[in-house]
Amino acid sequence: RWFRQHEYVEKLNMHGILSASAGQEQLLTELLVSHAKIPVLIGELISVEIWKHKIFPVLCRLEDFKPRSTFPIYVVLHHEASIINLLETVFFYKEICESAEDSILDLIDYCHRKLTLLAAGSTKAQAADPVPPQELQKQAEMMEFEISLKALSVLRFITDQVDSLPLSALTRMLNTHNLPCLLVELVEHCPWSCWEAGKLKKFENGTWHMVPPEDQVKMTKLDGQVWLALLNLLLSPECQRKYRFDGFNKSQLLKLRAFLTDVLIDQLPNLVEMQRFLSYLAVTEPAAPKKDLILEQVPVIWDHIFKKNSGKWEAIAKHQVKHAFSPTEEELKVQACRWAQTYSLDMMEALAPDKPRCRVCGAEAAKRCSRCRNEWYCTRACQVQHWQKHKPACNLMA
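Residues numbered from 1 in each chain as written. Predicted model: local features only at pLDDT ≥ 70, side-chain atom pairs only at ≥ 80, totals over all residues. Heavy atoms only, no water.

## What about the overall build of the protein chain?
Looking only at helices and strands, the protein chain has 19 helices and five strands in total. In the protein chain, which comprises 398 residues, the proportion classed as buried is 45%. Put simply, 72% of the contacts in the protein chain that link residues at least 6 apart link residues at least 24 apart. Taken as a whole, the protein chain presents about 21,700 Å² of accessible surface, with 54% of it coming from carbon and sulfur. Averaging the positions of the 48 positive and the 48 negative side-chain charges in the protein chain gives two centres separated by 5 Å. (Helix = DSSP H or I, 4+ residues; strand = E, 2+ residues; numbered from the N terminus. Buried < 20%, exposed > 50% of the residue type's maximum accessible area, 1.4 Å probe, protein only. Contact = heavy atoms within 4.5 Å. Areas by Shrake-Rupley, 256 points an atom, 1.4 Å probe, with all protein chains shown as cover. Lys, Arg positive; Asp, Glu negative; His and termini not counted. Charge placed at Lys NZ, Arg CZ, Asp CG, Glu CD.)

Now the structure itself:
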């Protein structure tokens, strides 16, 4: 039943990406709002996060756990990435943010946990021998880095709506978690860029790539998300009224002045306002926030799951090994068929950024083998030329 739910989430995620690329995601957002699915997705997101921290390590330690296939576990690990990617796609819209209702507090806490890991640098993948379960652990660590970057984008979209957020959400971002200072840490250490053998590498669109010297000062999308979130949190009058500009916070925020170069401001002109605000902050002592006596909402999803399952993590892991992660050969075949339908070749190709290439000459291809639908060709001549080599594989797949 859970794997079927994952299929639905994965299809929603892929549909969201395709809709966004075509500028037609309005229908998806209306469906998610009208069916009140955003709180459900947030609850599922946090459930899988807890599973990764509490159940997955127990699974990896079990000596008698030797599954025929580790793909079912990988699907659970990937589930978190699918949900956060879907939320990143739709949270651009104000109505989505508002439809989250009280669960927005849980999502803010989730994003804070991910950004804290990102700032600490603990989400970078460590070397591991490619043997299960170490291979799964390595994949989980690599995935964690990308999930944290998606959480950054979601948080920025939440800060876009500071005027329509519940008061407790604003207090949680500014004072409980001190997100402005955490974002300053990300500006300082920039986890999505690094130097390797004297060359600058940056993480963009799901992969690390070398940056040519002429593009090294160019702002990436991730850089932009951090700066936009800071603009939203620091320049909003309501945020300025609630935030504690004490000695520590003030000194941390003033570090941003060193990064506000003319080149950066040319790329994001709104940063001129940030520069003025920091100059004003440097020579003044802002008034302390007014202490209002209010009843503050608190997130409940994380605490509810923890209280309900405290002390049962190992028992849950053993139960899942027996009933979910040790399928028979026949069950694996059935699952494989379902996954093949979910991750269809047509859908994967639609999501791929590059157009297919001819198997023979490497030119851009528009024709494909009609039997197996796996190989691409630019002309009939190339297909005929490749047939003798392709024939055995084609017969097997067809």
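## A closer look at the pattern of salt bridges
This model, assessed by the stated rule, comprises 16 salt bridges. Between Glu88 and Lys150 there is a salt bridge whose closest N-O contact spans 3.1 Å. Of the two residues, Glu88 is situated in helix α4 (residues 71–90) and Lys150 in helix α7 (residues 134–159); the sequence distance between them amounts to 62 residues. Across the pair Glu375 and Arg359 runs a salt bridge, and its minimum N-O distance is 3.4 Å. Linking Glu375 in the loop between β4 (367–368) and β5 (376–377) with Arg359 in the loop between α18 (345–351) and β4, this pair joins segments that are 16 residues apart in sequence. One network of salt bridges, in which partners are shared, links Lys52, Glu80, Lys114 and Glu144. (Salt bridge = Lys/Arg side-chain N within 4 Å of Asp/Glu carboxyl O.)

## Here's the deal with the sheet that holds strand β1 (residues 193–196)
Sheet architecture is open: three strands sit in the order β1-β2-β3, paired in antiparallel fashion. In this open sheet, the two edge strands, each paired with only one partner strand, are β1 and β3 (207–210). Recorded for the sheet is a direction-independent mean angle of 30 degrees between the axes of neighbouring strands. Bridge count for β1 against strand β2 (residues 199–204) is four bridges, and the pairing is antiparallel. From the neighbouring strand, Trp195 faces β2, where its bridge partner is Leu200. (Pairing = 2+ DSSP bridges. Axes fitted to C-alpha atoms, helices over the stretch in contact; angles between N-to-C directions.)

## Observations regarding the packing of aromatic side chains
Overall, the coordinates contain 11 aromatic pairs when judged by the stated rule. Ring centres of Phe145 and Trp208 lie 5.8 Å apart, and the angle between their planes is 20 degrees; on these two criteria the pair is classed as stacked. Remark: Trp208 occurs in strand β3 and Phe145 occurs in helix α7; sequence separation between them is 63 residues. The rings of Trp51, Phe56 and Phe325 are connected pair by pair, giving a single aromatic cluster. (Phe/Tyr/Trp six-rings, centres within 6.5 Å; stacked < 30°, edge-to-face > 60°.)

## A word on the UniProt feature "domain: MYND-type" (unreviewed entry) in the protein chain
Taking the UniProt record as the reference, the feature "domain: MYND-type" (unreviewed entry) is found at residues 358–394. Helix makes up 41% of residues 358–394 and strand 11%, whereas the separation of the span's terminal C-alpha atoms amounts to 16 Å. (UniProt positions renumbered as here; feature names shortened; annotations may be inferred.)

## Quick look at the nonpolar core
With 101 residues, the main nonpolar core has Phe91, Ile104 and Leu107 as its most contacted residues. Sequence-distant contacts of Phe91, that is, excluding residues within four places in its chain, are made with Ile38, Ile96, Cys97, Ala100, Ile104, Leu107, Phe157 and Ile158. Formed by five residues, the second largest nonpolar core is a distinct cluster that contains Cys358, Ala365, Tyr377 and Cys382. (Core = buried A, V, L, I, M, F, W, Y, C linked by side-chain atoms within 4.5 Å.)

## Observations concerning the side chain of Gln383
Checked against the element boundaries, Gln383 lands in helix α19 (residues 380–397). Among residues more than four places away in sequence, those in contact with Gln383 are Cys369 and Tyr377.

## Observations concerning the state of the cysteines
Counted by the stated rule, this structure contains zero disulfides. You can see Cys194 has no disulfide; the closest cysteine sulfur is in Cys190, sitting 9.7 Å from it. (Disulfide = S-S within 2.5 Å.)

## Focus on the pairing of β2
Turn length for the β1-β2 hairpin, with the two strands adjacent in sequence and antiparallel, is two residues, and the turn residue Ala197 shows positive phi of about 55 degrees. Of the pairings in the sheet, the one linking β2 to β3 comprises four bridges and is antiparallel in character. From the neighbouring strand, Glu204 faces β3, where its bridge partner is Thr207. Following β2, the chain reverses through two residues before pairing antiparallel with β3; Asn205 in that reversal takes a positive phi of roughly 55 degrees.

## Side note on the packing of helix α9 (residues 179–189) against helix α12 (residues 247–254)
Where α9 meets α12, the closest approach of the two axes is 9 Å, and the angle between their N-to-C directions is 35 degrees. Seen along the crossing, α9 lies across α12 with a hand that is left-handed. Contacts from Pro180, Cys181, Val184 and Glu185 of α9 reach α12 at Phe248, Asn249, Gln252 and Leu253. Residues that form the contact of α9 with α12 fall into these classes: five nonpolar, two polar and one charged. (Left-handed = near helix turned anticlockwise from the far one by under 90°. Nonpolar A, V, L, I, M, F, W, Y, C, P; charged D, E, K, R; others polar.)

## Observations regarding unusual backbone geometry
One non-glycine residue, Glu101, lies in the positive phi region at around 50 degrees. The class for Glu101 is exposed, based on a relative accessible area of 55%. One non-glycine residue, Asn205, lies in positive phi territory at about 55 degrees. By secondary structure assignment, the location of Asn205 is in the loop between β2 and β3. Note on Asn205: relative accessible area 74%, which makes it exposed.

## Some remarks on the packing of helix α1 (residues 2–21) against α4
Relative orientation of the contacting elements α1 and α4 amounts to 35 degrees, with a least axis distance of 9 Å. Crossing of α1 over α4 shows left-handed handedness. In contact with Trp2, Phe3, His6, Val9, Glu10, Leu12, Asn13, Gly16, Ile17 and Ala20 of α1, α4 contributes Pro72, Val75, Val76, His78, His79, Ser82, Ile83, Asn85, Leu86 and Thr89.

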